[in-house]
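The residues making up each chain are set out below.
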Amino acid sequence: MERIIIFDTTLRDGEQSPGVSLNVEEKLQIGRQLEKLGVDVLEAGFPVASPGDFEGVRRLARELRGLQVTALARARKADIDTAWEAIREGADPRIHTFLATSDIHLKYKLKKNRDEALEMAREAVAYAARFTKNIEFSAEDASRSDLDYLCRVFEAVIDAGATTVNFPDTVGYAIPHDFGRMIRYVIEHTPNIHKAVVSVHCHNDLGLATANALSAVSNGARQVECTVNGIGERAGNTAMEEVVMSVRTRQDLMPYATSIDTRHIMATSRLVSMLTGMVVQPNKAIVGANAFAHESGIHQDGVLKERTTYEIIDPRDIGLSEGRLVLGKHSGRHAVKVKLEELGYRLSDEEIDRVFVRFKALADRKKEVYPEDLAALVAEEILRIPDRYRLKYLHVAGGSGIRPTATVAVEVDGEEVSHACMGAGPIDAAFRAVATLVRTESRLLKFTVNSISGGTDAQGEVAVRLEEAGHVVTGHGADPDIITASVRAYLNALNRLEHVKANSPDKASGKMCK
Ligand code: KIV
Ligand code: ZN
C-alpha cells in the first residue's frame, strides 16, 4: 500500500500560534510524544529566529532517533548554516528551506522578479545540498502563484537537490477541488517531479485545511504537513488527527497507509493543549470533548444496540478508554505510574512522586479521577516553565449580600508577599490582588472556564489570555475549586509573559521572518 508521509509542524508552525511560547523542556516532551505517535518528519523550529529556538531544535535532533528532525530556513546561507548546525546530530536530518513564489509576495515582500526569485531558490537548495541529501523546498504562497512559474521553480530546485517539494496554501485561500487540480497540474507539468516527494501544507483560514490536504493526496501528494489539534498561524494548519483518521476511516476512497499509531492521538492532543495553552474546542473533530458524546436519546439507543449506527470511529482507536473512570482515592502509586505511561508521559521517579502527591490530594476531593484530570496535574506540576510567581495561599469570601474579597499570598522570586482586595466577584477580587502583588501592566484579553469532566466535583480548567506590549500569552490552571484554578491560570500566564519578554527581541524577529 502506498504511504502518506506525516510531517508534523506543531513545534514550528504550531508554535507560531498567537500566545504560544514553549520552552525547551516543553518542546522535548511534545517531541517524545510525537515520536511515540509515529510521525515521519518532525519540524522542530526555526533555529535562526532565536537562541531558544536553536537550542530546542538541537536538543530534539540529538534525542529523537526514530524520526527525521527538520528545521526551517529562509533561502539564505546564514539561515541554512544555522539550521544545519541545529539538526546535524539528528538521525536523518532534513533542511527545510522556503521562498515565496506568488507575484504578490515577490513584488511587495521580496521585491524580486520571478527570475531572480527562481535563482535564489535554486542557490539555496544547492547550498543546502553541501550538507545533506535530505532537502525540502517550500514555495511559500504556492496556491496564489502562477502554476507554470511554480513548475519552473520546482524543476530548478529538484535539479539542485531538493528531495521534497512542498506546495503551501499559506493564506488558506484554496478550495478543495481546485487545490487538487493545482497539485495534479504541477505533477503533470514538472518534468523531474518523479525525483521528489510532493508535499502540501495548508492553512485553515476558510476552515478547509484538512479538506484541501486530502484533495491533494487524492491528486498525487504523498506528504502532508500538519499540526496536532490543527494549531498554527491565524486559524491554524491541517489537523494531523483529522488527516490520519480520515485516511484510516475512508480506505475505500483513500487506500493509503500512515505510520501513525492512532492509539496515542488523544494523549498527544491533551499534551499539546496543556503545554501550549490552546484549548481544544469541545466540538473539534476526533479530539474534542464531544467528539464521541451522544446527546440525543435516539443516538444513544442506537449506539447501545450497535456502536456503528452512529459512530464511524471506535473511540479506542484514538486511545479513549471505554470505561473512562481510571483512578480513585484507593489507587496506589503504581496504578498512577501505569496510567501516566499510557497517557504518554515519561516521568522520572521523583516526578511521579510529585504527581502522586497531587493526585492523592485531588482524589480526596474528587471521587473519580479521569485521564484528563491526570494530564492537567502533570501540566501543573511538571511540564511548565520555571515559575517566577507561585501561589502560596488563597482565601476568598463571597456570596449574596456581601462584597467579594480575596486574600492572596504569592511567592515572587522566592519571597512571599500577600495582599487583599475587593472586586465585582471573587475571581475579580483575586485577580486584582495578584495584579497588585506582581505589579503587572498586562491586560486581560480572555478568560474561559471549562469543566474537565462531568459532575459537580469536576476540575474546572481555566484559560487566561493576557497582553502586554504586543506580547500575547495564554495560561492554564485546573482545580476542583474554580477560583483557585483561575488564579493558577492567571499566574501561569504571568509566568509565560515573563518568559516571552525575556526572549522577546529574538522571538519577535523569528515570527516576523516569514
Ligand atoms: O505557510 C507556509 O507557507 C509555511 C511555509 C514556511 C512552509 O509555513
Ligand atoms: Zn504555514
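Residues numbered from 1 in each chain as written. Chains lettered and ligands numbered in written order. Predicted model: local features only at pLDDT ≥ 70, side-chain atom pairs only at ≥ 80, totals over all residues. Heavy atoms only, no water.

Moving on: the site of ligand 1. Close to ligand 1 lie 12 residues, the nearest being Arg12, Asp13, Thr170, His201 and His203. Measuring from an oxygen atom of ligand 1, one finds a side-chain N or O atom of aspartate 13 at 3.1 Å. For ligand 1, whose free accessible area comes to 260 Å², the fraction covered by protein is 100%. Broken down by secondary-structure element, the contributors of at least two residues to the shell around ligand 1 are β5 (94-100), β6 (135-140) and β7 (164-169). (Near = heavy atom within 4 Å. Polar contact = N/O pair within 3.5 Å; in protein donor to acceptor, adjacent residues only side chain to side chain. Areas by Shrake-Rupley, 256 points an atom, 1.4 Å probe, with all protein chains shown as cover. Helix = DSSP H or I, 4+ residues; strand = E, 2+ residues; numbered from the N terminus.)

The next point concerns helix α1 (residues 24-37). For an α-helix, the turn length of 3.6 residues means that residues three or four places apart are oriented alike. Here α1 contains 14 residues, and its C-alpha end-to-end distance of 20 Å stays within 8% of the 20 Å for a straight helix at 1.5 Å per residue. Buried residues dominate α1, accounting for 10 of its 14 residues. Buried within α1 we find Glu26, Lys27, Leu28, Gln29, Ile30, Gly31, Arg32, Gln33, Leu34 and Leu37. For α1, the N-terminal capping position is held by asparagine 23, with its side-chain oxygen 2.8 Å away from the main-chain nitrogen of glutamate 26. One or two steps after α1, the chain reaches glycine 38, where phi turns positive at roughly 105°. (Expected span 1.5 Å × (residues − 1). Buried < 20%, exposed > 50% of the residue type's maximum accessible area, 1.4 Å probe, protein only.)

The subject of this paragraph is the environment of glycine 423. The topology assignment puts glycine 423 in the loop between β13 (415-422) and α15 (426-438). Between the alpha carbons of glycine 423 and arginine 403 there is a distance of 7.3 Å; along the sequence they are 20 residues apart. In this structure glycine 423 touches Arg403, Pro404, Asp428, Ala429 and Arg432, once residues within four positions along its chain are discounted. (Contact = heavy atoms within 4.5 Å.)

Below, the discussion takes up the coordination of the zinc ion (ligand 2). At this site the zinc ion (ligand 2) is bound by Asp13 (OD), His201 (NE2) and His203 (NE2), with donor distances of 2.0 to 2.1 Å. Judged by relative accessible area, which is 5%, histidine 201 ranks as buried. Judged by its relative accessible area of 1%, histidine 203 falls in the buried class. (Donors = N, O, S within 2.8 Å, 3.2 Å for Na, K, Ca; no water.)

This part is about the confidence of the model for the chain. It should be kept in mind that the predicted coordinates are not to be read in detail where pLDDT is low. With 95% of its residues at a pLDDT of 70 or more, the chain has an overall mean of 91. Between residues 506-514, whose pLDDT stays under 50, and residues either more than four places distant or in other chains, the model counts 21 contacts. (pLDDT = per-residue confidence, 0-100.)

Where burial is concerned, most of β6 is hidden: 6 out of the 6 residues are buried. The alternating pattern of β6 places Ile135, Phe137 and Ala139 and Glu136, Ser138 and Glu140 on opposite faces, both of which are buried. Here β5 runs beside β6; their pairing, made up of 6 bridges, is parallel. Across the sheet, residue leucine 99 finds its bridge partner in β6, namely alanine 139. When β6 meets β7, the two strands line up parallel, connected through 3 bridges. Across the sheet, serine 138 pairs through a bridge with asparagine 166, a residue of β7. Where the polypeptide runs from β6 across helix α6 (residues 147-160) and back to β7, its parallel neighbour, the crossover connection is right-handed. (Pairing = 2+ DSSP bridges. Right-handed = clockwise from strand over helix to strand, strands pointing away.)

With that settled, the discussion passes to the sheet that holds strand β3 (residues 41-45). Around the barrel, 8 strands lie side by side as β2-β3-β4-β5-β6-β7-β8-β9; this closed barrel has parallel pairing. In this sheet, adjacent strand axes meet at a mean angle of 25° when their direction is disregarded. In terms of strand pairing, strand β2 (residues 5-8) meets β3 through 2 bridges, oriented parallel. What sits directly across from aspartate 8, in β3, is leucine 42. (Axes fitted to C-alpha atoms, helices over the stretch in contact; angles between N-to-C directions.)

This part takes up the environment of leucine 343. With respect to the element layout, leucine 343 can be found in the loop between α12 (333-342) and α13 (349-365). Classification of leucine 343 as buried rests on a relative accessible area of 8%. Separated by 28 residues in sequence, leucine 343 and proline 371 place their C-alpha atoms 7.4 Å apart. Discounting residues that sit within four places of it in the chain, leucine 343 has contacts with Gln33, Ala267, Arg270, Pro371 and Leu374.

This paragraph deals with a nonpolar patch on the surface. On the surface, a cluster of nonpolar side chains totalling about 300 Å² of accessible area is made up of Leu444, Phe447, Val449 and Ile482. Here the element with the most residues in the nonpolar patch is strand β14 (residues 443-451); it accounts for 3 residues. Topologically, leucine 444 is positioned in strand β14. (Patch = residues over 30% accessible without salt bridge, like charges linked within 9 Å, V, L, I, M, F, W, Y side chains within 5 Å. Salt bridge = Lys/Arg side-chain N within 4 Å of Asp/Glu carboxyl O.)

Moving on, we get to the sheet that holds strand β15 (residues 460-468). Across the sheet, which stays open at both edges, the 3 strands sit in the order β14-β15-β16 with antiparallel pairing between neighbours. Here the strands that pair on one side only, and so sit at the sheet edges, are β14 and β16 (471-479). Direction aside, the axes of adjacent strands within the sheet are offset by 15° on average. Across 9 bridges, β15 lies against β16 in antiparallel orientation. Bridge pairing links glycine 460 to aspartate 479 in β16.

This next bit is on the environment of glutamate 368. Relative to the elements of secondary structure, glutamate 368 occurs in the loop between α13 and α14 (371-381). Accessibility expressed as a relative area gives 30% for glutamate 368, which makes it partly exposed.

Its boundaries defined by the atoms lining it, the second largest pocket holds a volume of some 580 Å³. Counting residues per element, the ones that place at least two in the lining of the second largest pocket are α8 (209-218), β14 and β15. Partitioned by chemical class, the residues of the lining of the second largest pocket number 12 nonpolar, 12 polar and 5 charged. Domain assignment of the residues forming the lining of the second largest pocket places at least three in each of domain 1 (2-276) and domain 3 (389-503). (1 Å grid on protein atoms, 1.4 Å probe; cavity = no way out; pocket = protein on both sides within 12 Å on 5 of 7 lines; lining within 4 Å. Points joined across faces, edges and corners; volume = space filled by probe spheres on them. Nonpolar A, V, L, I, M, F, W, Y, C, P; charged D, E, K, R; others polar. Domains from an automatic or database assignment.)

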